[in-house]
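# Report on the structure
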Amino acid sequence: MRMMKWNRGLVALGMAAAGVVALASVASALVDPASVTTEQSGSVIIFPKVIWDGSRDTIITISNTANNMAFAHCFYVNAAVRGQWTETDFDVFLTKQQPTHWNVSAGRRTLDLTSSDPNTAGLLPGSVPPVPQGFKGELKCIQVDEGGAPTRSNSLKGEATLRSLNGDVSKYNAIALRGNMDAGADEGDANDLTLDWTVNHSGEYSSCPDTLLFDFFAYGADDPVISELGDCDSAEGGCPITTTLTLVPCSENLELQQQGTVTVTYIIKNEFEERRSGGFVVDCFLDLPLNKLNLTQTTDPNGSFTVGGLGTLTGYARITPNPGAGGVIGIAEEVRQSDNDVSGRATTAAFNLQVEGNRFDGATNGDDEPRNGATDHIIIPGE
Amino acid sequence: MTTPEMGHMLAVRKGDDVMSTMKGIMRRAILSGLVVAAFAAGSARADVASDKSGAILIFPKIIVDGSGVFAPPTDTELQITNTSNSVIAARCFLVDTTPFCNNDPDTSCTVEGEADPRLYPGGTKRCPAGGLCVPRWQKSPDFRMTLTKRQPISWGASHGLLSFPLNPQNPPPTPAFGPGGQSNGNSSIAPVPRDPFFGELRCVQVDPSSFQPSTGLNPANNGSGDLIGAATIVETTPGESSDSRVDARKYNAIGIQANADVGNDGNDTLTLGTNQEYNGCPNALILNHFFDDATVTTHLGAASASVKTNLTVIPCGADYELNTLRPITLQFLVYNEFEQRFSSSTSFSCWREVQLSDLDTRPGNVNDNNDFSIFNVNVQGTLSGQTRIRPVAGNGIGNTVLGIAEEFWTQSSGGTGPGNTSSTAGNLHFVGTRPGLNDTIILSTDEAPN
């Protein structure tokens, strides 16, 4: 009891030190700046997985959550060929609270106010180019002002729907980096977006997470619901859950066409609290099934994420960039199917990863000075 | 002789994390104050979040329909993980919101199905003549769990998890204790009380010794809570079939973060809001959606499907002790791609799942009345819209709401899921918080028998 009272007393002391300041916080501080977010609007929104390969198409929806115009400079990064990523950019402008959408296969290029087709009706958000067939990569949109300079107004949100030709759909929220509206004008290169805003550091944009929290079903494990209610004969292949993880580095130099490379370490706990660990490299864009999540990116039926290697139905992975490295962000997609899936009717469910901490503080030396290379930057081309 | 309760306590105490927890909380109490004072610009607390761990974990929608009464056979796979490096515990509250016929309480129904029986697989009303389908809000006995360091668990809602992985009674070679000698003690999750079942689940992080509400134990997130979770709703065609199909949609559980700067008084009344024990729920929700019945064309015109969106909302506050319900009014502000603005409103008391077009028209689609909804493409004319959902203040227990959205894409033929339909689920976006005390969650003291 005494300890509890002392504890409460300390809490009260802490509150006394902070209370007045906290109460006076400005409206923008209602949002925790220490992390990226998938459910609040931001100044940079990132769609880590965009595909147009003839089989899967991607529908992008973006909206302006503010009551004044929002402008954005968007970049497609095509990472279909490893080591040869290419970038295409375009502008988007949205009126008050305006939503818009486009298919990446077709883009959105014409304004036809007389059109009765809802697929093309609406105020044109700018000319959005299509991506070439075979595109696989990310889309990144950065809020800018009318002159094209980055601005931290936090008005953008978005979603991506991956749709297969056979009708399967999978949807995730874009990942948003919040801009620090209280940080004042950028004193350096305005086109160098520094991801260093944390609860401990009044930087420009939200720092990327220090750790990704990834709850997953063991790769290849039979889905328990389909096993019980549906068609899941092990002699016909069972009804495995197969998950794909997609990660992209937070740092990106779009001026010099240099994409980040980050080596990450993972620590897994299964349901018995048994530990597995390993690592892999995120080189520009990683999109791999869990049975290939290793340094050589080759199939390992007994890998840590697989039903053979994990030992339980589900696992919990903590994915952390190696010391001194920048951050990574991403999504995952789970695929389920009944047995003997000859007609390719697998169903896919995308979801956002959960996050913990921030890379800026996580990579510091303890004196608020980040280690070399550990602060993420997004550098966009000058106008 | 060791009773189950004693065994549980011993298991919890085998690790050193329980004791170190107190020190950790004290350290954080000091540090948090200094941090807040030093960095005012970034000091205020976060809102709720589905992408970060929390001390209250909410699954707004759980479905079980094993026999396919309302839809293809369906169950919900639930995952919860302790993200911290300490033993934690949680008290969980499952709420049964399955609507029932007021003249036959044993028969489950849906408001939409009774209004438009074409929505039922059988095509006929389920309630006896003269019956109405009315909402239910009935709490099941709460259950408790202890999770070891960074331990994930999973279970199907229809079966529960009667025996946790690290059960001291496990026969060799199945592990009974984790590497630190900890176990899940006598943790147990009961199956949902009925089939079909609609409902929600909330879990509150508690002290593993007293089972009273507490802050989190992880300094990396300033003690804001250690629980993350996800729910996957899986539908399948029944049994062996040459045309078997499955469909799955997934959302992250919503976490409400504890305010370690304020601390937690440990009683069963949880206060949510600015400078309260827990962060306040959002001032408004934002849903970006395709307007109902829009035909979305992809693959350069080679594929198309008709889309509908279902919204599920729950009050942020709840009184599990007295089962008190009070209506919440929601204001909807809808913008289409022409920036044209529309508005509507509705109210609910406990849990509501509704197709967007039913928000402002009669339930179901009798006489194509959905075509006249402001959430329908036939009214809006554009494919996508942005809807801001603002709960009206003024209710004592619950002022704000949380929710998820589901999309159902139906093709005229082909498709991957049952009924040529494929679905997605997603978390809504949040805007702002409200000053002061917004919501209260009052826990009950009953516990499911183990």
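Here the structure is a predicted model, which means the values were calculated and not measured.

### Topic: the overall build of chain A
- Within chain A, the regular secondary structure consists of 4 helices and 22 strands.
- Within chain A, the proportion of its 383 residues that are buried is 60%.
- The long-range share in chain A, meaning contacts at least 24 apart out of those at least 6 apart in sequence, stands at 72%.

### Considering the overall build of chain B
- Of regular secondary structure, chain B possesses 4 helices and 26 strands.
- Long-range pairs, those at least 24 residues apart, make up 74% of the contacts in chain B with a sequence separation of at least 6.

### What about the sheet that holds strand 9 (residues 152-156) of chain B?
Residues and elements named next belong to chain B.
- The antiparallel open sheet is built from 4 strands, whose spatial order is 9-2-11-12. Each of the sheet's edge strands pairs with one partner strand only, and the pair in question is strand 9 and strand 12 (246-252). Taken pair by pair, the neighbouring strands of this sheet meet at an average axis angle of 15°, ignoring direction.
- With 9 bridges joining them, strand 2 (residues 74-82) and strand 11 (residues 227-236) adopt antiparallel strand pairing. Directly across from Glu77, in strand 11, lies its bridge partner Thr232.

### Looking at the nonpolar core
- With 192 residues, the main nonpolar core has A:Val44, A:Ala72, A:Cys141, A:Val328 and A:Ile329 as its most contacted residues.
- The residues touching A:Ile329, leaving out its near neighbours within four places in the chain, are A:Val36, A:Ile46, A:Pro48, A:Ile175, A:Cys208, A:Pro209, A:Leu247, A:Val248 and A:Cys250.

### Quick notes on unusual backbone geometry
Residues and elements named next belong to chain B.
- Here the bond from Pro172 into Pro173 is cis, since omega is 5°, no more than 30 degrees from zero.
- Mapped onto the fold, Pro173 is located in the loop between strand 9 and strand 10 (197-206).
- Asp195 connects to Pro196 through a cis peptide bond whose omega is 10°.
- For Pro196, the position within the fold is in the loop between strand 9 and strand 10.
- One non-glycine residue, Glu339, lies in positive phi territory at about 65°.
- Turning to its location among the elements, Glu339 is positioned in the loop between strand 19 (328-335) and strand 20 (341-348).
- What makes Glu339 partly exposed here is the crowd of 16 C-beta atoms within 10 Å.

### Description of the domain arrangement of chain B
All names here are of chain B.
- We note that the domain assignment places domain 1 (1-98 + 136-281 + 438-450) and domain 2 (282-315 + 327-394 + 400-433) within chain B.
- Across the boundary between the two partners, domain 1 contributes 29 residues, which contact 25 residues of domain 2.
- The set of elements that each furnish at least two residues to the side of domain 1 that touches domain 2 consists of strand 1 (56-64), strand 10, strand 11, strand 12 and strand 26 (437-442).
- Considering every element that reaches the side of domain 1 that touches domain 2, the biggest residue donor is strand 12, with 6 residues.
- For the side of domain 1 that touches domain 2, the residue count by class is 12 nonpolar, 8 polar and 9 charged.

### As for the domain arrangement of chain A
All names here are of chain A.
- Taken as a whole, chain A is organised into domain 1 (29-195) and domain 2 (211-379).
- Measuring from the centre of the C-alpha atoms in domain 1 to the corresponding centre in domain 2 gives 24 Å.
- Across the contact, 29 residues belong to domain 1 and 30 residues belong to domain 2.
- The set of elements that each furnish at least two residues to the side of domain 1 that touches domain 2 consists of strand 1 (44-52), strand 6 (135-144), strand 8 (169-173) and strand 10 (192-195).
- Within the side of domain 1 that touches domain 2, the residues separate by chemical class into 13 nonpolar, 8 polar and 8 charged.

### Notes on the interface of chain A and chain B
- Each side of the interface is counted separately: chain A has 93 residues, and chain B has 107 residues.
- Looking at the side of chain A that touches chain B element by element, the count peaks at 12 residues for helix 1 (residues 2-23) of chain A.
- Among the residues forming the side of chain A that touches chain B, the class breakdown is 35 nonpolar, 37 polar and 21 charged.

### Some thoughts on the sheet that holds strand 14 (residues 258-259) of chain A
All names here are of chain A.
- Strand order in the open sheet formed by 4 strands is 10-22-13-14, with mixed pairing between adjacent strands. Two strands lie at the open edges of the sheet, namely strand 10 and strand 14, each paired on one side alone.
- By the bridge criterion, 2 bridges tie strand 13 (residues 252-253) to strand 14 in an arrangement that is antiparallel. Within strand 14, the position partnered with Glu252 by the bridge is Gln259.

### Notes on the confidence of the model for chain A
Residues and elements named next belong to chain A.
- Summary statistics for chain A give a mean pLDDT of 86 and a share of 85% for residues scoring 70 or more.
- The least confident element of chain A is helix 1, whose mean pLDDT is 38; the most confident is strand 1, at 98.
- Confidence drops under a pLDDT of 50 for residues 1-31, and excluding neighbours within four residues, the segment shows 52 contacts in the predicted structure.

### Thoughts on the environment of B:Leu217
- For B:Leu217, the location among the structural elements is in the loop between strand 10 and strand 11.
- Expressed as a C-alpha distance, the spacing of B:Leu217 and B:Gln340, which sit 123 residues apart in the sequence, is 47 Å.

### Section: the pairing of strand 2 of chain B
Residue and element names in this part refer to chain B.
- Taken across its 9 residues, strand 2 has 9 buried, putting it largely inside the fold.
- Burial along strand 2 is two-sided: the residues Thr74, Thr76, Leu78, Ile80 and Asn82 and Asp75, Glu77, Gln79 and Thr81 are all buried.
- Sheet topology note: the strand 2/strand 9 ladder contains 5 bridges and is antiparallel. Along strand 9, the bridge assignment pairs Glu77 with Gly156.

### A few points about the confidence of the model for chain B
Residue and element names in this part refer to chain B.
- Across chain B, the average pLDDT comes to 86, with 87% of residues at 70 or higher.
- Overall, residues 1-46 carries pLDDT values under 50, and its contacts beyond four positions in sequence, including any with other chains, amount to 102 contacts.
- Scored as a whole, the predicted complex attains pTM 0.90, and scored at its interfaces, ipTM 0.89.

### Comments concerning the pairing of strand 20 (residues 347-352) of chain A
- Of all the 6 residues making up strand 20 of chain A, 6 are buried; the element is thus mostly covered by neighbouring parts of the structure.
- Of the two faces of strand 20 of chain A, the one lined by A:Thr347, A:Ala349 and A:Phe351 and the one lined by A:Thr348, A:Ala350 and A:Asn352 are each fully buried.

### So, the environment of A:Trp85
Residue and element names in this part refer to chain A.
- Examined against the element boundaries, Trp85 turns out to sit in the loop between strand 3 (70-78) and strand 4 (86-94).
- Through-space distance from the C-alpha of Trp85 to that of Phe285 is 9.2 Å; in sequence the pair is 200 residues apart.
- Setting aside anything within four residues of it in sequence, one finds Trp85 in contact with Val77, Asn78, Ala79, Gly137, Gln259 and Cys284.

Analysis parameters
Residues numbered from 1 in each chain as written. Chains lettered and ligands numbered in written order. Predicted model: local features only at pLDDT ≥ 70, side-chain atom pairs only at ≥ 80, totals over all residues. Helix = DSSP H or I, 4+ residues; strand = E, 2+ residues; numbered from the N terminus. Buried ≥ 20, exposed ≤ 12 C-beta atoms within 10 Å, placed from the backbone. Contact = placed C-beta atoms within 7 Å. Pairing = 2+ DSSP bridges. Axes fitted to C-alpha atoms, helices over the stretch in contact; angles between N-to-C directions. Core = buried A, V, L, I, M, F, W, Y, C linked by C-beta atoms within 7 Å. Domains from an automatic or database assignment. Nonpolar A, V, L, I, M, F, W, Y, C, P; charged D, E, K, R; others polar. pLDDT = per-residue confidence, 0-100.

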